[in-house]
Amino acid sequence: MLNTQILLSAQTLDIQSCIDWIMSPESGGIDVFIGTVRNATKGKKVLKLDFEAYEPMAISEMNKIAAQAFERWPVQKILIHHRTGLLQVGEVPVVIAVSAAHRDAAFDACRYIIDTLKQTVPIWKKESFEDGDVWVAAHP
């Protein structure tokens, strides 16, 4: 059984609980990626983001990505949490955490997970700007 924690939630992501879960005595390296809502996209001021997901497929894809990372790198634990709903500038829509005996595996697996999540997981966001709203793939 793979040691994973996968979450898709409308609730605020608890970064400290993510770090607490990923820690283990066997881990010499832990890599944590925290994605935040930035205040501008392509020079336009962002007011807020609204995330939607096709939940059954999104959870399935996130589990698949974690399994692929376990196959490719000698990692010990993987956490993938993603928000849905309305988020303001500065809020956290995604947390990826990976633990491994050595840092290289943790870094490489973490980058693979966030990059693959952006390409394959069915999550969309509506970007709200001062001059209107635009729906886009959450992770272009």
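Conventions and cut-offs
Residues numbered from 1 in each chain as written. Predicted model: local features only at pLDDT ≥ 70, side-chain atom pairs only at ≥ 80, totals over all residues. Heavy atoms only, no water. UniProt positions renumbered as here; feature names shortened; annotations may be inferred. Helix = DSSP H or I, 4+ residues; strand = E, 2+ residues; numbered from the N terminus. Rg over C-alpha atoms; globule rule 2.2 N^0.38 Å. Contact = heavy atoms within 4.5 Å. Areas by Shrake-Rupley, 256 points an atom, 1.4 Å probe, with all protein chains shown as cover. Lys, Arg positive; Asp, Glu negative; His and termini not counted. Charge placed at Lys NZ, Arg CZ, Asp CG, Glu CD. Patch = residues over 30% accessible without salt bridge, like charges linked within 9 Å, V, L, I, M, F, W, Y side chains within 5 Å. Salt bridge = Lys/Arg side-chain N within 4 Å of Asp/Glu carboxyl O. Buried < 20%, exposed > 50% of the residue type's maximum accessible area, 1.4 Å probe, protein only. Core = buried A, V, L, I, M, F, W, Y, C linked by side-chain atoms within 4.5 Å. Pairing = 2+ DSSP bridges. Axes fitted to C-alpha atoms, helices over the stretch in contact; angles between N-to-C directions.

As recorded in an unreviewed UniProt entry, the chain goes by Molybdopterin synthase catalytic subunit and comes from Mucilaginibacter rubeus. The annotation that UniProt attaches to the chain under Catalytic activity (unreviewed entry) is "2 [molybdopterin-synthase sulfur-carrier protein]-C-terminal-Gly-aminoethanethioate + cyclic pyranopterin phosphate + H2O = molybdopterin + 2 [molybdopterin-synthase sulfur-carrier protein]-C-terminal Gly-Gly + 2 H(+)". Taken from UniProt, the Sequence similarities (unreviewed entry) comment for the chain reads in full: "Belongs to the MoaE family."

A. Representation of the overall build of the chain in the model. A tally of helices and strands in the chain yields three helices and nine strands. Start at the N end of the chain and walk to the C end: the helices and strands fall as β-α-β-β-β-α-β-β-β-α-β-β. For the chain, whose C-alpha radius of gyration is 15 Å, the value lies close to the compact-globule estimate of 14 Å for 140 residues. Seen through its C-alpha atoms, the chain measures out along the principal axes to roughly 50 × 25 × 25 Å. Sequence separation of 24 or more characterises 74% of the internal contacts of the chain that already satisfy a separation of 6 or more. For the chain, the accessible surface area stands at approximately 7,600 Å², while carbon and sulfur atoms represent 51% of it. Seen as two clouds, the 14 positive and the 17 negative side-chain charges of the chain have centres 5 Å apart.

B. Inspection of a nonpolar patch on the surface at higher detail. A contiguous nonpolar surface patch, about 290 Å² in accessible area, is contributed by Met 23, Ile 30, Val 32 and Ile 34. Of note, Ile 30 is situated in strand 2 (residues 29–35). Of the residues examined, Ile 30 reaches a relative accessible area of 33% and is grouped as partly exposed.

C. A look at the nonpolar core. Counting residues in each nonpolar core, the largest one holds 32 residues, and the members touching the most others are Val 75, Ile 78, Ile 80, Ile 96, Val 98, Ile 113 and Leu 117. Where this core is concerned, the elements lending two or more residues are strand 1 (4–9), strand 4 (44–53), helix 2 (55–72), strand 5 (75–83), strand 7 (94–100), helix 3 (103–120) and strand 8 (123–129). Counting residues per element, this core draws most heavily on helix 3, which supplies eight residues. Sequence-distant contacts of Ile 96, that is, excluding residues within four places in its chain, are made with Asp 31, Val 32, Phe 33, Leu 79, Ile 80, Cys 110, Ile 113, Ile 114 and Leu 117. Formed by seven residues, the second largest nonpolar core is a distinct cluster that contains Leu 13, Cys 18, Val 92 and Val 95.

D. Structural view of the pattern of salt bridges. Here the structure, examined in full by the defined rule, presents four salt bridges. Put simply, Glu 61 and Lys 64 hold a salt bridge, and the shortest N to O gap is 3.4 Å. Note that Glu 61 and Lys 64 are positioned in helix 2 at a spacing of three residues, about one turn of the helix. Arg 83 is the salt-bridge partner of Glu 91, the closest N and O atoms lying 3.9 Å from each other. Owing to a relative accessible area of 25%, Glu 91 belongs among the partly exposed residues under this scheme.

E. Region of interest: the sheet that holds strand 7. If you trace the four strands from one edge of the open sheet to the other, you get 1-5-7-2, paired in mixed fashion. The two strands at the open ends of the sheet, each matched to only one other strand, are strand 1 and strand 2. The sheet shows a mean angle of 5 degrees between the axes of neighbouring strands, direction not considered. Relative to strand 5, strand 1 runs parallel, the two being bridged by six bridges. Its bridge partner lying in strand 5, Leu 7 is registered against His 81. Where helix 2 meets the sheet, it contacts strand 1 and strand 5, and its direction lies at approximately 155 degrees from that of strand 1. Along the sheet, helix 3 contacts strand 2, strand 5 and strand 7; its crossing angle with strand 7, the most-contacted strand, is approximately 150 degrees.

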